[in-house]
Amino acid sequence: MSRLSYKEEGSLLRPLRALSFLGRPAVTLPLEPRPAAEGYRGFHLNDHKQCIGCSSCQKICDNAAITMVEVPDAPVDPLNGVRNLRPAIDYGRCCWCALCVDICPTGSLNLSREYVHTCTQEQIDSYFMLPDEDGMHGLHYEKGWQRSEASDLLALERLPMGERPVEERIDNFSEIVAGFTPQQAVEEASRCVQCGLCHDACPTGMDVPEYIRAIYEGELEQAVRWIYQTNPFSHVCGRVCTHRCEDACAVGHRGTPLAIRWLKRYAMDQLPHQRILEITREQKPTHSSGKSVAVVGAGPAGLTAAWDLAQMGHQVVVYEARAKPGGMPRYGIPEYRLPYESLDRDIEVITSMGVEVRCGVEVGASVTMDQLRQEYNAVVLAIGLHLGRSTRIPGSDHLQVRKAVELLRRVTEEGSIEVSEEVVVIGGGNVAMDIARTIARLQRQQWGEVRVIVTALEDLQNFLADPDEIREAVEEGVVICPSRGPQECVVEAGNLRALRSWGVRSIFDRSGRFSPHYDEEDEQYHPAGMVVEAIGQMPNSEQLLGESLTEQLEWARGRLQIDENGRSSEAWLWAAGDCVNGPDVVHAVADGHRVAASIDEALNHE
Amino acid sequence: MRAENYQQINHPPSHAFELNFGPNHPGIEGNYALQVEVEGDTIVRAHADGGYLHRGFEKLMEQRLWIQNISLVPRICVPDPSPMEVCYSMAIEQIAGIEVPQRAQWIRVLQLELSRIAAHLFTFGGHAATTGMYSPMFWGVADRDLILDLFEMFTGGRVYSIYNLPGGVRRELPAGFLQRVSETLDYIESRLPDYDDLFFTNRVFIRRAKGVGVLEQAEALEMGVTGPNLRATGLPFDLRRDDPYLIYDQLEFEVPVEEAGDAWARTLVRRAELVESIRIVRQVVKALPQMDGPLRTATPNPLAWKIPAGEHYARVESSKGELAYYVVSNGSEKPWRVHVRGPSTMHAVQVLESLVIGGRIEDVAQTMFSLDACPPEVDR
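On a predicted model such as this, the values are computed, not experimentally measured, just so you know. (Residues numbered from 1 in each chain as written. Chains lettered and ligands numbered in written order. Predicted model: local features only at pLDDT ≥ 70, side-chain atom pairs only at ≥ 80, totals over all residues.)

Section: the overall build of chain A
Stage number 1. From N to C terminus, chain A includes 22 helices and 22 strands.
Stage number 2. Relative to the globule expectation of 25 Å for 606 residues, the C-alpha radius of gyration of chain A, 32 Å, shows a markedly less compact shape.
Stage number 3. For chain A, the C-alpha atoms occupy an extent of roughly 120 × 65 × 50 Å along the three principal directions.
Stage number 4. Among the 606 residues that make up chain A, the fraction classed as buried is 47%.
Stage number 5. Relative to all contacts within chain A whose residues are 6 or more apart in sequence, the contacts with residues 24 or more apart total 74%. (Helix = DSSP H or I, 4+ residues; strand = E, 2+ residues; numbered from the N terminus. Rg over C-alpha atoms; globule rule 2.2 N^0.38 Å. Buried ≥ 20, exposed ≤ 12 C-beta atoms within 10 Å, placed from the backbone. Contact = placed C-beta atoms within 7 Å.)

Here is the structure:
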C-alpha cells in the first residue's frame, strides 16, 4: 500500500472510476429482526426464579437506571436470603454497560441479543420495564452479554480465619479462633454488597450492612453503635452466633458469604472496653418510669429484656440461681469457643445500664413467684433449658450415664471434672460437639489421649452440628459415628462397659414424624466407661413456678403458652428465650427485645 | 447564540457581516459553532463557540465509583471512544499499582487501533462531505460500520465498547474473531484504491485542500497541537513510539509525517496512519493466538473499592492526538478529581480560530474537519 505524495496533483478522470459501482449489485440488509452478535449488550433478561432481589445491580448502576420493584408473586424467604424485589430498568437512563450483569450475585441478570426498541409517543412509558427471562418484547432472544470470569466484579473468596493449630489447642481451653487483624477486617468488609439480606435473616434484625460499612470505613465506634442498636450480647454473638446472616448473604450464592460474625467480633474486640461502656451509656435513660420489672434468669433473653427495659426507664432486677450471670453461654458453651471474659464484658455493659443482677437467688425457693408478682409490675420468665433429656434406653439410669448440659455446667463451675478413659456421646448437635471436645481436652489432661466417640442418628450430610464444629472435633481426635441408634448402655457387674447401637435405616416416617428404623443386624458395641446424652434439653420450671401458678398457666405440649409478644395467660407474666422459643443466643436476644417492648407497652397503659 | 457570547459589532462596513457556522454539525463531529466575521468572502475574525455538548463529565466522575466511570468516559469522544476507557483505566492502574496481564495489553492495543481505523474512516468521509463530495462520506461511514461490527462482536457494544476495567479487559475474544478481523482488514485495504480514486487523488479535492488552513510547526507547538495535526507540520511525535504504553514497544510501525501543515497534509498523514494501524492490528492478530493467561487482575468489590491516595497523568495517542487523564485520588471510593486532557480542545478553539483567518468562507468547514476535532471532548 503505497503512500501518497504531497506533490500528487490528482486526476480529474480517476473519480469517474467510481461510476463502475453503478453496475454492481446493491447491498441490502434484511428488515426483519435478527439477533445481534453473541455477547451483545442488548436489553435485560432477568430470571425471576433465580433473582433474590439483593439490589446489587441497582447499586452498581452508574445512571440510576435501576429501581427495585416489589413483585408480589415472587417468593420471600429471609432465611435463605430471598426478597420479592426485582430490578426494573429505565431505558431512558440505561447505558448498556452491563456492570449490573457482572456484579449480579446469582447470575440471574443477563443482556439479550436484541437490538431495537421503538415506540409511539403514547407508549413512552414502555422504556421503563421490569425485565423477565422472555426479554423486552417477549421474543425470547438468546442471552447476549453474560458475566465471564474476567468481568466478574464480586470478591468471592472469604479471607481465611486464623486458628490455633490442633496441637496448641487440644490440651487446654484457650480460644481457638484468632480473630481478624485490622487489615483483614477491612478487606473482608469490602466484599459486602450492602444488600441487607443478612438484616432480614437475623432474628434480632441486626444492622449488619451498616456496621460492616463502618468497619470498612475504619469507624469502629460507629460500628459498635450500630451493633448495640439491636444486640447487647455482641461479644457473645461475635463468637458463637449461629449466623443466619451468613446463610442469607448474597455473596454466598457464587462465593463464600461474608464472615459477618467474625467482623462483629472484630469491632467489639478492637474497641477498648471502657470506650464501649462510654458509647453504650449514651443510650442510658434520663427519666424513670416508676415501674419495676423482675426477670428470672440471667441468660441472653432475660438480660436483653432487662437491658431494653432499663433503657425505657423501668427499674429492673434480674434473679439468677447460679453463682454468675450469663446462662447457657456461660454454663453450656466451652471456653475455647467463648471465653468468659467476653461474656463478662457483655454483662458489664448491661449492668452499667442500671440493671441489677441478684445471683445465687433461686426463685421458687428463697423467693417465690408470688412475691415477685406482688413486688414488681411485671415478671419475665427466661429460665432457659437446663435439664438434659434422656434416651431412656436400658441402662441409661446408670450413674456413669450423664447429661451433656449437666457436665458442661460442672466444668464451668468446677474448672474440671473426672472423665473416664473411654467416652461415648449420644447426639449430633452442637451441644454434643461441645461436650465431646470438652471431654477430649479433659482426657488429654487426665489420661494422655483422646478416646471419644460421637454417635448420632443422622448421616454426615445431615448432621445437626455446624460443619466447622465437626471438622474441628475430628481434628482434635473425636471419632464421629454417624447413622447409629443407641439401644442399650451395657452394664456388667455394676460397671458401665459400652454403648450398644444399631445402624439407622431412616429417622422419619413418611409423614415426617420422628420414628427411627434400625438395621438390627448392624449391631456395634462402643466401649465406654461413661456415656453422655446430648439429645436435647427441657426447662426446669416445676419447683420454680410452684404448683398453683403451674396450674393457672396455660401449657401446650409441656411448653408454656404465650402470645406472639411473649405474654403468658397471666397478665403480669411474660416468658422469653430457650424455655419458650429456642434454640440459640441470637433468638434469645430477639425474644428479649420482643418481650421488653410488650412489657413497656403494657406498663405504659396501666 | 448565548447572551454571554454576544459581541457587539460596531457599525460594520456594508460588505462585512457576521456568519454563524453551527451549532448543528458545522463540519465537525458534533454540536459546535464558529462565529466568523467576513469581509466579502474573506474571514477577518473568528470566535469559537462551544459548550453545546457540555455534560460536566469531569464533575460527574467525582460523584461516581471508580468503576462506574468506565461507562461514562467513552461518551467524551463518540467517534473514537476506546482510548477514553483505556486511558482512564491506565491512570487508575498506575495509582493503585495494578499490573495488567500481557494478553489484556495486547487486546487493548487491538481495540485502540481498530478504534483509530474507524475514527479515520469517519474523518475521511466527513472531510469529503465538507468539500461537497458525498459519496466518500457514505463509503467512509459504511466501512466504519464494519469495524463497529467487530466491536459488537468482541466488546458487546458497537460504539461504546465499555470493554476495559481497571486491571484488564472484561471478556475473551469470541471464537473466530481474529479471522473476522483479518477479513475485515483485507476488505478495507481493498477499498483504499477506491478511496484514492474518488477522494485522495481527486484533483478537485487536492486543489481544494492544498494550502488551506496552514499550521506552522512552531505555532502548533505553542498551541499544544498533537497527533496527526502536529505530524502534518513535520514533527514526527507519536506517543506510541516516543512514550510507549501497553505493548506498543513490541510492535513495528512507522510514524507518518508531512511538512506542509495544511489540510491536504493532515489528510495524507491520516491516510498513512490508517495503513499503519492495519499493519499493527495484523501483528496483534498474529500474536494473540500464541498467548495464554488471565485477562484481568482481580480487583476488590467495586462498591467498596478505595484507590490509594495519589495522582497520575496517563496519556495515549488517540486518533486526534494526545489524550490524557489526570486522575487524583484522595484514597476514597470515588475520584477526587479527573481532568481530561483532550487533544480537540486546542484544535477546535485556539488553532481553528487562528487558521480560518484570511481564508475563505467555503474553506471554513473543511478547515474544521481537517483538524479532526471532537466537540464533546472539547466541552467534556
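Remarks on the domain arrangement of chain B
A common way to report how large an interface is uses the accessible area buried once the components associate.
Stage number 1. Split by domain assignment, chain B resolves into domain 1 (14-48) and domain 2 (67-298 + 305-321).
Stage number 2. Between the C-alpha centres of domain 1 of chain B and domain 2 of chain B the distance comes to 30 Å. (Domains from an automatic or database assignment.)

A word on the packing of helix H5 (residues 177-200) of chain B against helix H10 (residues 263-287) of chain B
Residue and element names in this part refer to chain B.
Stage number 1. Contact geometry for H5 and H10: axes closest at 10 Å, N-to-C directions at 165°. Between H5 and H10, the angle is such that the two are roughly antiparallel. Relative to H10, the crossing made by H5 is left-handed. Packed against H5, whose contacting residues are Leu178, Val181, Ser182, Leu185, Ile188, Glu189 and Phe200, the element H10 presents Arg271, Ile278, Val281, Arg282 and Val285 at the interface. (Axes fitted to C-alpha atoms, helices over the stretch in contact; angles between N-to-C directions. Parallel < 35°, antiparallel > 145°, perpendicular 65-115°, else oblique. Left-handed = near helix turned anticlockwise from the far one by under 90°.)

Thoughts on the interface of chain B and chain A
Stage number 1. Listed per partner, the contact involves 43 residues of chain B and 41 residues of chain A.
Stage number 2. Those elements giving two or more residues to the side of chain B that touches chain A turn out to be helix H4 (134-155), strand S5 (168-169), H5, helix H6 (203-209) and H10 of chain B.
Stage number 3. Residues of the side of chain B that touches chain A, tallied by class, amount to 22 nonpolar, nine polar and twelve charged. (Nonpolar A, V, L, I, M, F, W, Y, C, P; charged D, E, K, R; others polar.)

Here we look at unusual backbone geometry
Stage number 1. A positive phi angle, close to 60°, is found at Arg392 of chain A, a residue other than glycine.
Stage number 2. Following the sequence through the fold, Arg392 of chain A ends up in the loop between strand S10 (387-388) and strand S11 (401-403).
Stage number 3. By the C-beta count within 10 Å, which is 8 here, Arg392 of chain A ends up exposed.
Stage number 4. Despite not being glycine, Leu246 of chain B shows a phi value in the positive range, around 45°.
Stage number 5. By secondary structure assignment, the location of Leu246 of chain B is in the loop between helix H9 (239-242) and H10.

Considering the sheet that holds strand S15 (residues 484-492) of chain A
Residue and element names in this part refer to chain A.
Stage number 1. On the basis of which strands lie adjacent, the open sheet formed by three strands has the order S15-S16-S17 and antiparallel pairing. Two strands in the sheet have a free side with no partner beyond their single neighbour: S15 and strand S17 (514-527). Adjacent strand axes in the sheet meet at a mean angle of 25° when their direction is disregarded.
Stage number 2. As defined by bridge partners, strand S16 (residues 495-508) adjoins S17 across nine bridges and the pair is classed as antiparallel. Across the sheet, the residue bridging to Ala498 is Pro527, located in S17. (Pairing = 2+ DSSP bridges.)

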